[in-house]
Amino acid sequence: MQKKELLAPAGDIEAGYAALHYGADAVYLGLQQFSARATAVNFDETALDHFTAYAHSLGRKVYVTINTLIQECELADLLKSLDMCSNYHVDGIIVQDLGVAGIIKEKYPELELHASTQMAVHNKEGALALQKFGFKRVVLARELSLREIQEISALPGLETEAFIHGALCYSYSGLCLFSALEYGKSANRGQCLYPCRSEFAGDDGKGHYFSMKDMALQGDILKMPVTSLKIEGRKKNALYVAAVTDYYRHILDGRGWDEKKEENIRQIFSRPWCKFHFNGKDKNITDRDFVGHRGLPIGQVQQYTGKSIILKTAHEIARHDGIQIDVPGKEKPFGFSLLKLKVKGKDAFEAAAGENVEITLPPKHPALDFGAAVYLSSSSKVKGSYDYAKPRLQEFKAREGLDVVVDIRPKEVLARAKGVSYSVSGDFAPAQDVSKTCEAVEKSFSKTGETPFELGRLEVNNPGGLFVPASLLNNLRRGLYAAVSRDKKQAELPVSLPVAHKPRKPLIKVDKAEYLSLLNLDDFEEILFLMDLETSLADLSAIPFEKLRIALPAVCRDTEKWRRRINEFAAAGITKWEIANYWGLEALPEGCDISFDAPLYMFNSQAVLQAKNMGAKRVCLPIEASRQNLSAVAEKSCLPVVFCIYQDVPLFTSAVCIRNNPCASCDRKEKWINLRKDGKFYQALSKNCQTMLFEKEALVREPDINADFYRLDFCYKKYKPEEVLEIVRRFF
């Protein structure tokens, strides 16, 4: 059985050193641009060169995350980033944008393609579709159960990577527009402001409805048949990375669960832990009462004097440690640095586990309740427990083996490498010892210094047995290496020839046929129907067959049922389909007319080109892109484009149920829950164990993009046919 890879995060080079020191088989990191953790320090070119060479010297791997959506105007800078990755021999590129994947596939075939979790691969069909495109590895959605992970990992020839520890998003990664539409900061562009962590007022009272606990699979990682076990945390510091990597290395090496190592992690940073849906559906995975770091539970307040608290500590504590205490009604626990404590009534520097201690509270502390939970949120002892080795920054560099030929002639010495030549002139007399000339050439060309080269095979042609001074050989070497470096040509973008766009009749998309009852369907080029597993052919009988296109949802957790329904519709003659996730490519019969919907993120013309290569006949422009970028993509698109001008946009789609009721008594039918935050009103739709969040009002956009089709959507929310008619008339 192949050894599982332990993959650790590095938001900066110090975290990278820590990961390698504590046993990571591979490290993933971001560059200064195009990283889904844009607010992390990330790596510049020098750091990438050095760290990759250092990791390779240890036999470890480095993966670079270019896992954001790329705007049209950023494609040139993207090529520079990919050049860096190629030059420094990184072991894989983690990608969300289909256009980036296509560029790598065609122009940088030496770079291994990994599908980011931002691509929302959550079933076997999605993984298979991306494997056929050219991805070697797929990073699975965090929402999957062990059974689903096993099913996808059984695909021959495909590597799988799964998260095992760290922060969780309420939404499927890649299907969240909350931060983008509310604050103009896109999660798909690495700028998320985490509005889901906020407190909402709702039908069930106030709370952090969408604030997730952290994932911690612990010993369950040994059950996972994946290629790579991934720790989340590119925004965490080196101490956290060291502790978590060390903890899981210990488990993977067969040394079992270590309580002390687990306690260290909880002190450094942790929300409450959960296993998400790894063992099946679980509702106890959100923390509605508090947000952020809590720490290691060490006891409860047994007495509150007004100036101090008394408790029996379950863990050793010392002065200058961080303490946090739960305060009802507050979003975050009350935290402070422990400056004074007493054991048995006497001042003490530290207290052992099991001792009754009195902790002096700082001024202006809140009132505390009897029984309030107390946490150790940072430990001076733990902070000093994770030293790690690190080399000097310039000690390791990526080197390219360079084969060199040197021709020595009476009036000229010529050096050649990789089709490039450089020469120096002079009058060269016979050498007293010809072998010394060859040694001098080798000595000179072995001095590669700050260049990206190391000397490979050297051929010296000296038929006249001539002598060349060392100073001229050094000039020759410097000139050749500089000329070879200058000769490196940057890749060019794959050619994407734009189509001539012509306005046509609009499109309308519905999930209930009765919405169409008052409309003249001849006014529309097509009617898109968003089906679910309950949709029947009879539901569609009022729609002209030649105008009908069936839309598939972005999330499909039961592909066997969906395949049966798709085959039923295909057998009835349905040939036009719209997909919102890559699973649709594999689930649909061959020869279908396929349109790509907005969640497939056609953020640049290269993405559209790859959609065309995958069989798409047209694409829908993304919701969160800027007007400028949408116009640029439409202008350069090689496929007809759709621009949605009216839509109830899912701010996120989640596998986490928002309901409070027990699962056993739930009918799983449609339920709407009203929420509000900062004066804004939202509606959450709970149905079939899935939650979607919407703004109260639909998104309305001006039809000012040069699109082939404008589209109006009436899906998810309830409409009356009269309302649909009025909205359509307004836009017409």
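Rules used in this analysis
- Residues numbered from 1 in each chain as written.
- Predicted model: local features only at pLDDT ≥ 70, side-chain atom pairs only at ≥ 80, totals over all residues.
- Heavy atoms only, no water.
- Phe/Tyr/Trp six-rings, centres within 6.5 Å; stacked < 30°, edge-to-face > 60°.
- Helix = DSSP H or I, 4+ residues; strand = E, 2+ residues; numbered from the N terminus.
- Buried < 20%, exposed > 50% of the residue type's maximum accessible area, 1.4 Å probe, protein only.
- Lys NZ or Arg CZ within 6 Å of the ring centre and 35° of its normal.
- Pairing = 2+ DSSP bridges.
- Axes fitted to C-alpha atoms, helices over the stretch in contact; angles between N-to-C directions.
- Contact = heavy atoms within 4.5 Å.

A word on the packing of aromatic side chains
Line of reasoning, step 1. Evaluated as defined, the whole model comprises 30 aromatic pairs.
Line of reasoning, step 2. Ring centres of Y240 and F269 lie 6.5 Å apart, and the angle between their planes is 75 degrees; on these two criteria the pair is classed as edge-to-face. Placement of the pair is Y240 in helix α8 (residues 238–252) and F269 in the loop between α9 (259–268) and β12 (273–274), with a sequence separation of 29 residues.
Line of reasoning, step 3. Geometrically, the ring pair formed by Y515 and Y719 is edge-to-face, given 5.9 Å between the ring centres and 80 degrees between the ring planes. Taken together, the residues span a long stretch of sequence, with Y515 in the loop between β28 (507–510) and β29 (526–530) and Y719 in the loop between β40 (709–714) and α17 (721–731) at a distance of 204 residues. For the pair Y515 and Y719, a shared accessibility class is recorded, and that class is buried.
Line of reasoning, step 4. Against the face of Y240 rests K236, its NZ or CZ located 5.2 Å from the ring centre.
Line of reasoning, step 5. Sitting over the ring of F681, K696 keeps its end group 5.3 Å from the ring centre.

Considerations on the sheet that holds strand β26 (residues 420–425)
Line of reasoning, step 1. Overall, mixed pairing links the 4 strands, which are arranged β26-β25-β24-β27 in an open sheet. Each edge of the sheet is formed by a strand with only one pairing partner; in this case those strands are β26 and β27 (453–461). Pairwise comparison of adjacent strand axes, ignoring direction, gives a mean angle of 20 degrees for this sheet.
Line of reasoning, step 2. In the sheet, strand β24 (residues 400–408) pairs with strand β25 (residues 412–417) via 4 bridges, with the strands oriented antiparallel. What sits directly across from V406, in β25, is A415.
Line of reasoning, step 3. Relative to the sheet, helix α11 (residues 434–445) contacts β24, β25 and β27, its axis offset from that of β27 by approximately 160 degrees.
Line of reasoning, step 4. Taken strand by strand, helix α12 (residues 470–486) contacts β24, β25, β26 and β27, and its axis lies near 155 degrees from that of β26.

A closer look at unusual backbone geometry
Line of reasoning, step 1. One non-glycine residue with positive phi stands out, namely K418, at about 50 degrees.
Line of reasoning, step 2. Secondary-structure assignment places K418 in the loop between β25 and β26.
Line of reasoning, step 3. Unusually for a residue other than glycine, C689 sits at a positive phi of about 65 degrees.
Line of reasoning, step 4. Looking at the element boundaries, C689 is found in the loop between β37 (680–687) and β38 (690–695).

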